[in-house]
Amino acid sequence: MSEEIKTTNFIHDIIDADLAAGKHQEIITRFPPEPNGYLHIGHAKAITLDFGTAEKYGGRCHLRMDDTNPEAEDDEYVRAIQEDIKWLGYDWGGHLYWASNYFDTMYEYAVRLIKKGKAYICELTSEEFKEYRGVPTRPGKEPPGRNRSAEENIDLFERMKNGEFKDGTYVLRARIDMTSPNLHLRDPAIYRIKHATHHNTGDKWCIYPMYDFAHCIEDSIEGVTHSMCTMEFEVHRPLYDWILEELDVFRSRQYEFSKLNLTYVVLSKRRLLQLVNEGLVSGWDDPRMPTLCGMRRRGFTPEAIKKLCAIVGCTKFEGITEIEQFESIVRDDLNENSLRAMGIVDPIKLVIENYPEDLTEEFEVPNHPKKEELGTRKVPFSREIWIERTDYMDDAPNKFKGFTVGREVRLRSAYLVTCNSVEKDANGNVTVLRCTYDPETKGGSAPDGRKVGSTIHWVSAKHAVDAEVRLYDRLYTVENPLADKEKDFKDFLNPDSLEVITAKLEPMLAEANPGARYQFERVGYFCADKDHTPESPIFNRTLTLRAPRKIA
RNA sequence: UGCCCGAUGGUGUAAUGGAAGCACAUGUGACUUUGACUCAUAGAGUCCAGGUUCGAACCCUGGUCGGGCAACCA
């Protein structure tokens, strides 16, 4: 994960041109979440663009809480957002800002527009408002209050601010063009009355600015040079420009890029909330959730998330990236950087009949196959061990490389062992493999140089640690659960997205720190859960190894 | 439907008027004390039709297809 991906895109081309033209000395961007929900992988794309662009050009990126709607926002989200951004490895330095800190300026700016005759108070109900606005194919018509005098408008606006009116009785609108083909320019509402307590400003205000009015002003106040957002704001851009132009303030510029889409992933905030509220997942940080906190708990690395964003790039074309792309990046990272361990997910007993009853040996097992500097660890070995059920097969064909009666297999770093017979329960399931070992093959290699078909992982039965292991899989059964308009996305929930089992782990795993990542050899990548303790170990499966083993 | 945006292998992208390249995915083979990793190898692409040009993925025109917008949300 060390190699840098060169990132350039159409926005960087624009920045290059701006810099060459001497338009800016410093590039300033911003990431402006509304603190009304948890950040997800889609936000990560915006974060890497906003912070990554600032990094690339030696500028800075502000973290700005876009808290202009007191009804939706909460301090809990503010905390979580900061934690997630830090986890991704970005730092806003001292540049944490709040839209709500600009409410005074915004109010003044609104007054300035009113004085210029560019904004007015409108008394239409929201139904009438829509009626007057018209539809795309039909122009709107002028609302009754459109030509009220500036004095009257200012008086009304002040009384709005003073709390003289109920919610919804009046709204401040920009005076632009009721016949514009762009609906956003048909005298959009820019301030509304909301008698609500704001998480930051308390009860100081009962009027709050709308997104379109607030956002460009926030950018302008902070001197943001390049304000990046997703495509759906493209039609808002003329309004963004109009407001800054009319106010005659610093002209930030808005650029739009397309959202991230991933197969087998749903990112809509509303639907994520549904999963949580209906108990379909354990919470916002359920390891199946595409939230950054969920992905963190799952064991995905920030490096992998950032690399995905780099590979996906930044374009105006909306596509859908295959989840395999991400999984490949994750495996690449984890293969390189995680320590190896042995754990049995579906255990069957193997008894070495010619091995002493009460002997325990310790074998040196490498912590990483390609990185000797990561050293070795001691793993206890004894007469009875656990192996993976899938490593035995009756009458196995040559293609199958594990145990079958009469075949010799290597126990990783231990001995070559031959299976002589098996025991089965009433249902025909194998319960015990009866084997013999070759004492001359200590460490796993034979003095006579003979080869074996495979090397399998194992855990000494008397030393094994029982752990709760959560095997996660895709949350949905189809690539795009939203594609079928006839059905609800929840109809496509994968019933097998979580399987909880008790695994047999090598002893050192009990001591893992919560969050520590391991590759359980030949099984997959696992991460100690945040609730993991030595007394009750819990591991989450991040991903299986590539190409699930074919049982021949 | 009005306006806006876009279109490069199956998927994500690069090439900015001068050899269409990379990654993922897929197939085949090699190696292996992880059926992983690694390595080798194969197939597969410029939406369509015109135009400009010595030369077009790139510029122009017209289509086609896809996405977005029509909250007192952001």
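Every value quoted in this text rests on a predicted model; they were computed, and no experiment measured them. (Residues numbered from 1 in each chain as written. Chains lettered and ligands numbered in written order. Predicted model: local features only at pLDDT ≥ 70, side-chain atom pairs only at ≥ 80, totals over all residues. Heavy atoms only, no water.)

**Some details on the environment of Lys370**
When you line up the elements, Lys370 lands in the loop between β13 (361-366) and β14 (376-381). By relative accessible area, Lys370 is classed as exposed at 74%. As a C-alpha pair, Lys370 and Asn335 span 35 residues in sequence and 9.8 Å in three-dimensional space. (Helix = DSSP H or I, 4+ residues; strand = E, 2+ residues; numbered from the N terminus. Buried < 20%, exposed > 50% of the residue type's maximum accessible area, 1.4 Å probe, protein only.)

**Some words on the confidence of the model for chain A**
Confidence along chain A averages 95 in pLDDT terms, with 98% of residues attaining 70 or more. Interface predicted TM-score (ipTM) for the complex: 0.96; the corresponding pTM is 0.96. (pLDDT = per-residue confidence, 0-100.)

**As for the nonpolar core**
The biggest cluster of nonpolar side chains holds 46 residues, and the ones touching the most others in it are Ile85, Ile305 and Phe326. Apart from residues no more than four positions distant in its own chain, Phe326 is found in contact with Met295, Phe300, Ala304, Ile305 and Leu308. (Core = buried A, V, L, I, M, F, W, Y, C linked by side-chain atoms within 4.5 Å. Contact = heavy atoms within 4.5 Å.)

**A short note on the protein's contact with RNA strand B**
Inspection of the region around RNA strand B gives 61 residues, with Thr137, His184, Arg340, Lys370 and Gly443 positioned closest. Protein-adjacent atoms of RNA strand B, using a 4 Å cutoff, are sugar or phosphate at a proportion of 64%. One nitrogen or oxygen atom from the main chain of Leu124 is found 2.8 Å from a base nitrogen belonging to RNA strand B. In this structure, Thr315 approaches RNA strand B through a side-chain N or O atom, which is 3.4 Å from a phosphate oxygen. Of all the elements in the fold, those that place two or more residues in the surface near RNA strand B are α5 (126-133), α11 (302-312) and α12 (323-337). Considering only residue class, the surface near RNA strand B consists of 18 nonpolar, 21 polar and 22 charged. (Near = heavy atom within 4 Å. Polar contact = N/O pair within 3.5 Å; in protein donor to acceptor, adjacent residues only side chain to side chain. Nonpolar A, V, L, I, M, F, W, Y, C, P; charged D, E, K, R; others polar.)

**Let's talk about the pattern of salt bridges**
Counted according to the given criterion, the structure contains 53 salt bridges. We note a salt bridge from Arg79 to Glu83, for which the minimum N-O separation is 2.9 Å. Here Glu83 and Arg79 lie together in helix α3 (residues 75-88), a separation of four residues that amounts to about one turn. For Arg79, a relative accessible area of 43% puts it in the partly exposed group. We classify Glu83 as partly exposed; its relative accessible area is 38%. Lys204 serves as the salt-bridge partner of Asp104, at 3.1 Å between the closest nitrogen and oxygen. Here Asp104, found in helix α4 (residues 103-115), pairs with Lys204, found in the loop between β6 (189-193) and β7 (207-209); they are 100 residues apart in sequence, far enough to count as distant. If you follow the salt bridges from partner to partner, you end up with Asp285, Arg297, Glu468, Arg470, Asp529, Lys530 and Asp531 in one network. (Salt bridge = Lys/Arg side-chain N within 4 Å of Asp/Glu carboxyl O.)

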